[in-house]
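# Structural description and commentary
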Amino acid sequence: MFSFAPVIALLLAAIPVLHWYAARLQDGGGEILGLIPLLLAAYFALRDRKTISPSRPGRITGIAFLILYTIGCPFLPALLRAVLFIIAATFLTGVARKPGIACLILLALPWQASLDFFFGYPLRLITSVSAEILLNMIGLEVSRQGVQLLHAGNIVGVDPACSGLNLLWTSGLFTALLATLFHLPWKKLPLLAAAALALSLAANSLRATLLFFPESGLITMPHILHPVIGLVTAAIAFLILIRLARVLAGKIKIAPRSNASQKFQIFLTVTALAATVSPLLSLTEISTIHPSQQPLSHYEGQPLTPIALNPAEEKFYGDFPGSVAIYEGSSFKLIVRTVTRATRMLHPASHCLRAEGFDIGGKTRVTLSDGSRWLTYTATRNGKTWQIRERITDASGDKQWTEISAWYWQAFFKPRHAPWEAMTVMEPLD
């Protein structure tokens, strides 16, 4: 009868994670795809239920991660809390002894926004550099500015949709699925995962290279062939991955199921109940909705003229938690992004400029006579150089940051200081 207590306690501890996960599935961010690996994990776990049981080291590891989850719940980001809980749960239930299933559960988490924030631009840069090399190897004179490819006056941009993040996530799902089907142990899984990463990058670079021809006007083809090219390159990568999984496949000795001791059950129950209470001590709060900011009429003594966002910019900022306004002065351009909560969608202006082909100069931090602190650098393209200044301030104007990462954690821990204002000033240099 008592054996149900740890299970119930663990389910109670999972409530905050499940609540957050359900909210993320409904926020319109495309994270609904996470249900695919979750359903696959459930199917394989049910299929292999007779061979899934926790080992003594696994129980100890699971308890350790559950304690970390309990301690970190009040202040760690939700995604990291979920990772800690899942690791704890897989060890405590014995699912960790099935690497493929454990990876499928982890892939069910909403990774897309984090991957885009940290790896979106680097992946676009890798793709554009690879495409430039391949195109020049076949005799085309193609140059690159940022993540834009130039040929005979035509510009083909490797936009966010072409970063390969979707292919990377799909490759991760395929890798976990192969590890499950071929019963790969943990020691062989990193080899398959590394191969999946390399094949994903190669496939996306090949796709971008092939699509350069119709996008630059060198050839014409029906638009329907664009996704077909992506599917074909991905299929080639996955076929190679299947072959590699077959080579790595080996037999795994399955340990017999053992019953948990009463002492372990008591410790697990207490720890899980503590994890259930821990979220109530959370140091963060959901920020309230703030009214939109009034348009600016002057800045640094100069009158401003508002500039309407173009359709591409409106689409890009469609999910931005706040507002974006662009102004033009007599000798400068001003971009004001008002943010209502901590978000990774607030990128440094240098990232956007670099993606548009600007060469970014060395960055320095300066303090002006009025006490304002700025991050300054130059941005050059086509022989024209701009002096860039950017900074972030809180609603009171007392706090200011010159780095997005430093602001993010302040905003995360102190949401009541919202809204924040990110300003970017662009001044042409003679």
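Whatever comes next refers back to the structure up there.
One structure accompanies this document, and this report is about it. Only a predicted model underlies this, so the values are computations on that prediction, with no experimental measurement involved. (Residues numbered from 1 in each chain as written. Predicted model: local features only at pLDDT ≥ 70, side-chain atom pairs only at ≥ 80, totals over all residues. Heavy atoms only, no water.)

## Quick look at the pattern of salt bridges
- Under the definition given, this model contains four salt bridges.
- Its salt-bridge partner being Arg389, residue Glu300 comes within 3.3 Å of it at the nearest N-O pair. Residue Glu300 is located in the loop between strand S4 (298-299) and strand S5 (302-303), and its partner Arg389 is located in strand S12 (residues 384-393); the two are separated by 89 residues in the primary sequence.
- The exposure class of Glu300 is partly exposed, given its relative accessible area of 49%.
- On the accessibility criterion, Arg389 (8% relative accessible area) is buried.
- For Arg389, the salt bridge identified is with Glu427, shortest N-O distance 3.7 Å. (Salt bridge = Lys/Arg side-chain N within 4 Å of Asp/Glu carboxyl O. Helix = DSSP H or I, 4+ residues; strand = E, 2+ residues; numbered from the N terminus. Buried < 20%, exposed > 50% of the residue type's maximum accessible area, 1.4 Å probe, protein only.)

## A few points about empty space enclosed by the protein
- Applying the stated criterion across every chain yields a total of two cavities of 30 Å³ or more.
- Quantified by volume, the largest cavity comes out at close to 40 Å³.
- Lining the largest cavity are Leu123, Thr127, Ser163, Gly164, Leu168, Ser200, Leu201 and Asn204.
- Where the lining of the largest cavity is concerned, the elements lending two or more residues are helix H7 (112-137) and helix H9 (189-215).
- The element contributing the most residues to the lining of the largest cavity is H9, with three residues.
- Taken as a whole, the second largest cavity encloses approximately 30 Å³ of empty space.
- Around the second largest cavity sit Pro16, Val17, Trp20, Ala78, Arg81 and Ala82, which together line it. (1 Å grid on protein atoms, 1.4 Å probe; cavity = no way out; pocket = protein on both sides within 12 Å on 5 of 7 lines; lining within 4 Å. Points joined across faces, edges and corners; volume = space filled by probe spheres on them.)

## Remarks on the pairing of strand S10 (residues 364-367)
- Where S10 and strand S11 (residues 373-381) come together, four bridges link them in antiparallel fashion. Bridge pairing in S11 links Val366 to Trp374.
- Hairpin connection, S10 to S11: the antiparallel pair is bridged by five residues, and Gly371 has positive phi, about 90°. (Pairing = 2+ DSSP bridges.)

## Topic: helix H5 (residues 78-93)
- The end-to-end C-alpha distance of H5 is 22 Å, a good match for the 22 Å that 16 residues give at a rise of 1.5 Å each.
- In terms of burial, H5 is largely enclosed, as 13 of its 16 residues are buried.
- One or two steps after H5, the chain reaches Gly94, where phi turns positive at roughly 90°. (Expected span 1.5 Å × (residues − 1).)

## Concerning the packing of helix H8 (residues 165-181) against helix H10 (residues 225-248)
- The N-to-C vectors of H8 and H10 enclose an angle of 25°; their axes lie 11 Å apart at closest approach. By the angle between their directions, the pair H8 and H10 is classed as roughly parallel. In the crossing of H8 with H10, the sense of the turn from one axis to the other is right-handed. Note on element contacts: H10 touches H8 through Ala234, Phe238, Leu241, Ile242 and Ala245, opposite Leu167, Thr170, Ser171, Phe174, Thr175 and Leu178. (Axes fitted to C-alpha atoms, helices over the stretch in contact; angles between N-to-C directions. Parallel < 35°, antiparallel > 145°, perpendicular 65-115°, else oblique. Left-handed = near helix turned anticlockwise from the far one by under 90°. Contact = heavy atoms within 4.5 Å.)

## Observations concerning the packing of aromatic side chains
- Enumeration over the complete set of coordinates arrives at seven aromatic pairs.
- Taking 5.7 Å as the distance between ring centres and 80° as the angle between the ring planes, the aromatic pair formed by Trp407 and Trp420 counts as edge-to-face. Highlighted residues: Trp407 in helix H14 (residues 404-413) and Trp420 in strand S14 (residues 420-428), separated in sequence by 13 residues.
- You can call Trp420 buried: its relative accessible area is 2%.
- Over the face of the ring belonging to Tyr377 we find Lys363, whose NZ or CZ atom lies 5.4 Å from the ring centre.
- Above the ring of Trp374, the side-chain terminus of Arg389 is found at 4.7 Å from the ring centroid. (Phe/Tyr/Trp six-rings, centres within 6.5 Å; stacked < 30°, edge-to-face > 60°. Lys NZ or Arg CZ within 6 Å of the ring centre and 35° of its normal.)

## A short note on the nonpolar core
- In this structure, Leu104, Leu178, Leu184, Leu192 and Leu241 are the most contacted members of the largest nonpolar core, which totals 28 residues.
- The set of elements that each furnish at least two residues to this core consists of helix H3 (35-47), helix H6 (99-107), H8, H9 and H10.
- Looking at this core element by element, the count peaks at seven residues for H8.
- Within the second largest apolar cluster, 24 residues are counted, among which are Ala78, Ala82, Val83 and Ala88. (Core = buried A, V, L, I, M, F, W, Y, C linked by side-chain atoms within 4.5 Å.)

## Regarding H10
- Taking 1.5 Å per residue as the helical rise, H10 with its 24 residues ought to reach 34 Å, and the 35 Å between its terminal C-alpha atoms agrees with that figure.
- Of all the positions in H10, only His226, Ile229, Gly230, Thr233, Ala234, Ala237, Phe238, Leu241, Ala245 and Leu248 are classed as buried.
- Tucked inside the fold, the buried residues of H10 contact H8 and H9.

## Points about the pairing of strand S2 (residues 148-151)
- When strand S1 (residues 143-145) meets S2, the two strands line up antiparallel, connected through three bridges. Directly across from Ser143, in S2, lies its bridge partner Leu150.
- As defined by bridge partners, S2 adjoins strand S3 (residues 154-157) across four bridges and the pair is classed as antiparallel. When the sheet's bridge partners are listed, Leu149 is paired in S3 with Val156.
- Between the end of S2 and the start of S3, which pair antiparallel, lie two residues, with Ala152 showing a positive phi angle near 50°.

## A closer look at the side chain of Thr127
- Along the chain, Thr127 turns up in helix H7.
- Residue Thr127 is classed as buried on the basis of its relative accessible area, which comes to 2%.
- Beyond its immediate chain neighbours, meaning those up to four positions away, Thr127 contacts Val158, Cys162, Ser163, Asn204, Ser205 and Ala208.

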